[in-house]
Amino acid sequence: MPRQVLPWKVTINPANVTENQSVTVTVELTGVTPTAQDVTISGTAGFWSGLPSTVTVPANGSTVTFNSTVASGSGPAGGITAQCNGGTASGSVMNGSGK
């Protein structure tokens, strides 16, 4: 049986943001997944607009990238968490226009 891959790192670019700014999020796994792997995504409540609840790492891949937007009226910092196969990884950003 192949070893299960887990979330290893969540990278959010840019790391310093302002309200209504688009960001690119990359989720990296601990290795290559032999079959497509769904990853559950969650984020700081009220900070993100358009954050998907699930993304899929393709078969024979180890990363998935998606976009989201910093919500208007969001706080000073926000995070995104990726979960699959019992593992978790998180990343965060600072909001220069946060309240």
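Criteria and thresholds
- Residues numbered from 1 in each chain as written.
- Predicted model: local features only at pLDDT ≥ 70, side-chain atom pairs only at ≥ 80, totals over all residues.
- Heavy atoms only, no water.
- Helix = DSSP H or I, 4+ residues; strand = E, 2+ residues; numbered from the N terminus.
- Polar contact = N/O pair within 3.5 Å; in protein donor to acceptor, adjacent residues only side chain to side chain.
- pLDDT = per-residue confidence, 0-100.
- Pairing = 2+ DSSP bridges.

Let's shift gears to the side chain of T81. Tracing the backbone through its elements, the reader meets T81 in strand β8 (residues 77-84). At a separation of 2.9 Å, a polar atom in the side chain of T81 contacts the side chain of S90.

A separate point is the confidence of the model for the protein chain. Taken as a whole, the protein chain shows an average pLDDT of 93; of its residues, 96% reach a score of 70 or greater. The element-level mean pLDDT for the protein chain is lowest in strand β2 (residues 16-17), coming to 94, with strand β6 (residues 54-57) highest at 98.

What follows covers the sheet that holds strand β3 (residues 22-33). Pairing within the open sheet is antiparallel, and its four strands lie in the order β1-β3-β7-β5. Two strands lie at the open edges of the sheet, namely β1 (7-13) and β5 (48-49), each paired on one side alone. One ladder, built from six bridges, connects β1 with β3; its direction is antiparallel. Bridge pairing in β3 places V10 opposite V27.

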